[in-house]
Structure formats: C-alpha cells, structure tokens
Amino acid sequence: MAPSRFTQNKQTVRDLQGETIKNHLKGRLGNLSYFGLPSDEMKDIMDWKALFSVFIAVERGIVPNTWERQYLLMFSAFMNDILSKVTLLRGDIDKVILEGRDDDGNALNYPFDVITLDYSGGLLYREKEGRGRQYRLEAIKELIQKQAGYKTNYLLFVSSNLDNCKDTEIKNTLLNLQTELLRYGTDAKETIQAYLNHEKDEVRLKLYVPYFVNQIAAGCNYNCETEPTIFYLGNQDTRMMNFRFWLTYDPRTTAPRFPRESLVQIINSPMTEIKEGVCCKTNLRLPKLQRPI
Amino acid sequence: MAKEYFAYGSVLEALSSGLYPDKRHVIREFVQNAFDAVNDWKKISGEQSLSPIEIRIQKPSIFIADRGIGMDENQAHIFRYLGYSTKDRKEDVGFRGIGKDSGVAVAEKIIVTTSRYQVPKRYTIVIDAQKMLDETASGRNTPLEELLEKNTALSEEPEISDLHYTFVELHNIRKDSHTLFDTSKLKDYLRRNCPLPFDPQFTYADEITQRLKTNIPNFSAIDMKFNGEKLYKPFPSNYLRPEYEPIFSNDKEDAPLIAYCWYCGNKEKGQFADKDNSGLVYRVKNFAVGDRHLTRKTLWSTTPERAFYFFGEIHVLNEEVVPSSDRTDFKDNEARDNLYQRCQRIAQILSQRAGTESAQRTFDDSITSAKELLGLREKKLKENVTPIEVKPLVEYEIRKTIEDIEKRLDRTSRKRNPSIKDMELVQRGAAVAESAKEFLKAVESKKGFSDIRQQIELNEQAEQVYQVIINCLKEELSSDPGLLERIISNINKAMAKFFKRP
C-alpha cells in the first residue's frame, strides 16, 4: 500500500472546509451530496461522513494497475462504514466531468452540495504541449454550468499546486482585468503589475482562480462568495493553494448579472497561509486597489 | 525426470463457468463464505447484533463485504488453492473450496482483503482470472498448479488485531455476466436464496423465527444490505396463520428429526396471486436449495397445482442430505430419497387441507347462491311477474338447489372431525334447504305466477297460436331458461298492452 499522504497542513485545510460546510449548509447537514476527489485514503470523506448521505468519489488510479487505488478507496469506505454511501467513478475527474460519465459508462448525476476538486497537480495544465485545451479549467466551467441547471446553492472547493502558473493564460487574464478596471474608471496598472512581477506564483493564482470562478458563475446566474484563499505546503513540501467558493443561485433576472464580488474585492482579498497546521496572515506586500469614488 | 502434472488449466474453466449456468449463483457462493465467517464470529464473540453482509454493485465491479471472523495467513494461502477447504461440512454452508473460484467465471480479477480477529495483519489476495483464462484459451496446456501459482498473489500489511473482516471485489465483470448488474433481479435472487431475516411487515415473522430457533440447531439469519438497502425474505399477501410440521426419518417413536416445515395458507381462493412467492422451498442452513418448483416436483405426485396454495419453507436437518454444487437440488443418495419420501406427508396434509378448504368454499358459495335465488324468485312472485309458462323451470331450479345443498350437507355432516367452519356451514346449509323446500311448496301451488290468458281474452285460435309459439320457444331455449323466461315475459307484456281490454 502507498505510504500515507497525510500532512497537518492539509488537515487544517480540511477543518476549514468542514467549517465552511457547516456554516453554509447547516439546514441540510446529514443529507448532503458530495462529488470530488477524495483519494484512496478518503480523509475528507472520513472527516465529514456524518454530514453527507451520498459521496460520488472519482479515482483514476495509477497506470498500469489503476484498479489498486480504486479498490483501496472502496475498501476504506467499507472500513469506515460508508460503503453504501460511496459511489466510485473510475477515471480522470476532468474527463468524467467533460464527458458526463466515467470510464465504465457510469453517468455523473448532478447536482451536488459540495464539490471538492482536490487536485494534486496544477489547474492550468493543457491537453498537449503548447496551446492545447486547458482541460481542468474547462472541466470547472462545465461543472458550474451543469450545476446551474438545478439552481441549487453549493460549495466548490478547489486545491491545486502551482504547476503551469507561468502559462500566458494568467498574464493575459490579469492584463484584461487591468483594462476592464480602467474602463470603469480605476487605474489598476500599478497593482496588476505588482501581481505580474511578484516573485511568488501563488499571488497570481490567488487573483486568477476567484476571478475565473466568479465570471463563470455570473454567466449562469450564480453569485459567488470567495472565502480567503489558503496557501500551504502539502505532501512532500509541494506548494499548494486552496480555494473555497459559496455559489448561490440568483433568479432575479434571466440575463446574467455582473459578479457580485467586484474586481476590487477580489484583488484586495487576503491570503491565509497554513504553517505546521496553524493559520497565519500573509504579508504579500501587494498594493491595495482603491475603489473609484 | 521432469515433474509430472495431473491437472491442467481447462479444469479451472470447467469448474468455474460450467458449474453455474446462472451467474447469480456466483454471488451466492461469496455470500455463503461471508455467512460462514459471520457465524464463526458469532460463536466466538457471542454477539447477537451482528454487522450486516454488504453487497455493493458498482459497475464494472461487485463488492461483497462482511465483518465475520476473517482469514488468517494459512486460510489466505488456502484461498488461492482450488478445491481445498478447511470448512466443516456440518457447521458451514460452503465446504468444497470451489465456490470462490466461481468468481473466475464472471470477473477479470478477484481481489480479497481479509483480517482475522486477533491477528495483527491483513492479507490481500489477488486472483488474476483473466490471465488464467487467457492462458488456458491459448491452448498452452499450462498445469493447473503453475497457472494458479503464477496468477494469484498474496500480500500482507499490519492491521489492528481486534479488527476482523473480509472485503471482496469481483473486478471488471465480464460482458457475458453483465446480467449481474440487473440490480432488481439480483436483489430478488438474494432475497429468495439467502438466509435473511423475515420482513418485519410479515405478521408472523417473529413467531416463525422463534419456532425455527427452537427446532433447528444453530438456526441463523443474517442481515444483508444490498446497495445500502436492508434485504428480507419475500412473502405474498393474504396469508393465514402459519402451521408447523416436523418431519422425522421414520415412524418410530425415537426417529430423528430430518426436516422442519412451516407454511401459511392462502386467505383467498386457490393459489396465491403472487405466484413468485408461493410454494414451499427447501432450505439447508437457511440457504435455499432449488426453488418452489423443486418441492412441487418432488412432493406433489397428484394435484401439483395445490403446491402453490401455500407458501413456506422446509428446513432440512439431516446432514446426509447434501446440496448439489449449484444448489438447484440435492445430491442423489438414500438420505435425499428418504427426505423426499417423508416430506410427501407435507404434500398430503396440504393437499387434503387445500381440498377441504376448496369444498368449504364451494359449499359456502352454494349457500350464498341458493339464498340469492330464493330471494329473487320470492320477489318476482310477489310482484306477479313470473309467467306461469316457466313454472316447471322454476320448480326444477329449486329442486336442483335443494339437491345440491343436501348433498353437501350430507358430505360435511359425515366428517369425523368437523371443524367449526364445517359446523357453521351445516347449520346455514340446513336452514337454506328448509326455506327452499317451503318455497317449492308455494311454487307448486301456482301462487304468484302471472297468466296472460286470464288478463286478456283470446279466442281459441289465438290461444292455439300462442301455445305453439311458447312451445317452440321452450324447445329452442331449453338450455337457457333465463332467456326463455325473459322472452315469454316480454311477449306477455306486449300482448297485455296490445290487447288491453277497453
């Protein structure tokens, strides 16, 4: 069996996510449905098992013996008395989301109350070298759009490392953001440049991911509330980020609304760092953006 | 000299797929193992509230899990062997050591993780069924020994010594076995065949369970969850209170009990409407052997339809009566023949009971019909609407009714041990026969009949014409007296209206 991938930092992230679930979904605790990547150890599922009645867990396994991790996931479910609650979808989660079914043809049935995309890699991976499709971002987009069909409120948790953060996608998006703000009377050049030139990749991701989710959600008549982004060192000291979004359906107009969270709010939002399992404030030395008067 | 081998791979193929034409038997084999493990744990722990056996269907796999005693290292090794078992024929349901290999017929891999109580290790066994079958199919004639050794693996890891369980995945169910993913059919099969508790909705669940616990040594029913749903034995609706029948090996006073039967009759007439859940089923260690047709075939030589007037179970206690590998029947031996022969008593009792109930129902129906007939006739005579021309028919009808009731009265009164129902029928029957006789006298006196010739004036010729018509009708409609009566009444009404005296 693979060595345990448990870290205290990751546990703190799970605790924070658990609090977020309890805060936003308190009326339905015990009956929630989960979709995500729990890994064969299923630490998050174990922590939250009393809150959920359904777990749709995706596991692709490791080639060539993909069945091993998939088996371990179900074995963990049995050992933790939730075998009947867990449904295993086999395959790559992005493929499962984009195709609506797993490698064995089992359908992905929406909606979910909590979605945990706990990636071990980066969010900006591309299908092929160069300009291939950014399948993870496409999958998140698809997921938000599919969820929107059911008009229910839900939580979206995304974790990823910083792979591919040099991708032009981020730079171009941040520059677009700068232009957009200028159009509305805010000169954000200094701030955006500070983000673009910052030595740490995580600051750019802190801005990019909430912006991305907000935009997609707004396009489906959803409001998105972003909780403070978390940075932490994961398994084997991998630099990881975690995002928590509370998405609520807004039925007031048929036309999509502008995101409720303003660009200024997203830019100025703080980032929390978890060190040895403890949350600390970070000082990224980024200029704050002033709201236009 | 090269090592000599005496068994080759194709044996595995024959044993795995040839044994079980119904793929669901494979699942039952694994449930049997789980059942034995749970029972062993029950014996050691004395626990009464045991964790259920869990079955989870997750395409492309099927998982079977239990918190039974688990396997130690030796048993985990043996699990890889073919046809070797450490199980006790008397105590356990499975004992041949080939049931687990039936998984080879349906799945590409069999993966088992197990930990035995008080053994601080867990063992994982992987049987690569697909590789074994591929190698056999390639015509390489690999010795069985080599095939099993090469394609099965055993590994171990530390485990908490108090934990005890077995977790099985039948991984990648083959296309030709995809019927196993028909959850409704599989669930139905498990409900009929596995040693499940009775449904709490079944009124006599507790009573029967108690009786079985008292009369069957080590009787056990184990909870099972199928995709999270708790399963129970099925039962039809409209059943009567259960009755019990012990079956002894011979008629001597000290003859051993070889089977114990319970059954419920049908509240309604004849066979249970719920055909699938009617009839008797043999059970060994509470697992079904064959289905309701096996008891019908082996116990009912006459009136086989009466086998389904009841539902129930025959729990076989004689250890010499051994289920066949696929559990569709018993192994052909003397013990089985004796079981069948002795159990025919059940069929006799049930057939007799069915016969009695059928006679009572018919008698009851006759009394009801007679009452209805008398009531109707009486009403019509009071209203003066019965034509005098049908008087012979009415007399015949009443006489036949009296005759029928008296025949049934006579038969029922002559019973040696009449039941309360019989006595009640005799009383009601006699009263109806008496009123029918009284009524017949009234009919014979012509009182209440209508005569058209007294209502209108007909000359001799007209009367002759009328009589000819009536005679023709009587002749033509002798087989349908109801219609005859209606036509004559209508003719008379029309004539009365047409020839009404001014």
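What comes next is a walk through the structure.

1. Things to note about the overall build of chain B
Looking only at helices and strands, chain B features 14 helices and 15 strands. A compact globule built from 502 residues should have a C-alpha radius of gyration of about 23 Å, whereas chain B, at 35 Å, is more than 25% larger. Seen along its three principal axes, the alpha-carbon backbone of chain B occupies a region of about 125 × 55 × 45 Å. Expressed as a percentage of the 502 residues in chain B, the buried residues total 37%. For chain B, contacts bridging at least 24 residues in sequence account for 76% of all contacts bridging at least 6.

2. Some remarks on the nonpolar core
Soluble globular proteins tend to bury their nonpolar side chains together. Residues A:Met74, A:Ile115, A:Leu156, B:Ile64 and B:Val168 are the most contacted members of the largest nonpolar core, which totals 131 residues. Counting residues per element, this core draws most heavily on helix α8 (residues 201–219) of chain A, which supplies ten residues. Counting contributing residues, this core receives three or more from each of domain 1 (10–180) and domain 2 (205–354) of chain B. Each residue touching B:Val168, except ones within four places of it in the same chain, is listed here: B:Phe30, B:Phe63, B:Ile64, B:Ala65, B:Ile110 and B:Val112. Grouped together as the second largest cluster of nonpolar side chains are 39 residues, B:Cys261, B:Ala307, B:Tyr309 and B:Phe330 included.

3. Section: the sheet that holds strand β6 (residues 165–173) of chain B
Residues and elements named next belong to chain B. One open sheet accounts for eight strands, arranged β5-β4-β3-β6-β2-β1-β7-β8; its pairing is mixed. Every other strand in the sheet has two partners, leaving β5 (152–158) and β8 (229–230) as the edge strands with one partner each. Two elements, strand β7 (residues 224–226) and β8, share two bridges in a ladder whose sense is antiparallel. Within β8, the position partnered with Lys-225 by the bridge is Lys-230.

4. Considerations on the pairing of strand β4 (residues 114–122) of chain A
Residues and elements named next belong to chain A. As judged from the three bridges shared by strand β1 (residues 32–36) and β4, these two strands associate in the parallel manner. If you follow Gly-36 over to β4, its bridge partner there is Thr-116. Sheet topology note: the β4/strand β5 (residues 154–161) ladder contains six bridges and is parallel. The residue bridging Ile-115 from the neighbouring strand is Leu-156, located in β5.

5. Comments concerning the sheet that holds strand β10 (residues 257–265) of chain B
All names here are of chain B. Judged by pairing direction, the sheet is mixed, and its five strands sit side by side in the order β9-β10-β13-β11-β12 without closing on themselves. The sheet terminates laterally at β9 (243–248) and β12 (287–289), the two strands that pair on one side only. The mean inter-strand angle of the sheet, taken between neighbouring strand axes irrespective of direction, is 30°. Against the sheet, helix α7 (residues 205–215) engages β9, β10 and β13 (310–316), with an angle of about 170° to β10.

6. Thoughts on the interface of chain A and chain B
Listed as interface residues are twelve residues of chain A and, on the opposing side, 17 residues of chain B. Of all the elements in the fold, those that place two or more residues in the side of chain A that touches chain B are α3 (66–79) and β3 (86–90) of chain A. No other element matches the five residues that α3(A) contributes to the side of chain A that touches chain B. Broken down by class, the residue content of the side of chain A that touches chain B amounts to eight nonpolar, three polar and one charged.

7. Description of α8(A)
Residue and element names in this part refer to chain A. With 19 residues, α8 extends 27 Å between its outermost C-alpha atoms, agreeing within 8% with the 27 Å of an ideal straight helix rising 1.5 Å per residue. The element α8 is extensively covered by neighbouring structure, given that 15 of its 19 residues are classed as buried. Following α8 by one or two positions, Asn-221 adopts a phi angle in the positive range, close to 65°.

8. Side note on helix α4 (residues 129–137) of chain B
All names here are of chain B. Within the sequence span of α4, burial applies to Ala-129, Met-132, Leu-133 and Thr-136. Taken around the axis of α4, the buried residues stretch over an arc of 95°, which confines them to a single face. Backbone geometry just downstream of α4 places Gly-139 in the positive-phi region, at approximately 80°.

9. Observations regarding the packing of helix α6 (residues 168–183) of chain A against α8(A)
Each pair of packed helices can be summarised by the angle the axes make with each other and by the distance between the axes. Residues and elements named next belong to chain A. Relative to each other, α6 and α8 sit at 70°, their axes nearing to 10 Å. The orientation of α6 with respect to α8, classified from their angle, is roughly perpendicular. Packed against α6, whose contacting residues are Ile-170, Thr-173, Leu-174 and Leu-177, the element α8 presents Arg-204, Leu-207, Tyr-208 and Tyr-211 at the interface.

Calculation criteria
- In every chain, residue numbers begin from 1 and rise along the written sequence.
- Each chain is given a letter, starting from A, and each ligand a number, starting from 1, according to the order in which they appear as written.
- With pLDDT at 70 or above as the cut-off, local features in this predicted model cover only qualifying residues; side-chain atom pairs require 80 or more to be listed or tallied, and sums for whole chains, interfaces and linings still use all residues.
- Secondary structure elements follow DSSP: runs of H or I of four or more residues count as helices, runs of E of two or more count as strands, with numbering from the N terminus.
- Atoms counted for the radius of gyration: C-alpha only. Globule rule: 2.2 Å times the number of residues to the power 0.38.
- Put plainly, a residue is buried at 20 or more neighbouring C-beta atoms within 10 Å of its own, exposed at 12 or fewer, and partly exposed in between, counting only other residues' C-beta atoms, which are placed from the backbone.
- Contact between two residues is assigned when their C-beta atoms, built from the backbone, lie within 7 Å.
- Defined on buried residues, the nonpolar core groups Ala, Val, Leu, Ile, Met, Phe, Trp, Tyr and Cys residues joined through C-beta atoms within 7 Å.
- Segmentation into domains, and thus their bounds, comes from an automatic or database assignment.
- DSSP calls a pair of strands paired once it identifies at least 2 bridges connecting them.
- To get an axis, a line is fitted to the C-alpha atoms, and for a helix only the part in contact is used. The angle between two axes follows their N-to-C directions and goes from 0 to 180 degrees.
- Amino acids outside the nonpolar list (Ala, Val, Leu, Ile, Met, Phe, Trp, Tyr, Cys, Pro) and the charged list (Asp, Glu, Lys, Arg) are all regarded as polar, and Gly is one of them.
- Given the number of residues in a helix, its expected span is that number minus one, multiplied by 1.5 Å.
- To obtain the arc, one takes the directions from the helix axis to the C-beta atoms.
- Note on angle classes: values under 35 degrees are labelled roughly parallel, values over 145 roughly antiparallel, values of 65 to 115 roughly perpendicular, and the remainder oblique.

By themselves, these figures tell us nothing about what the structure is for.
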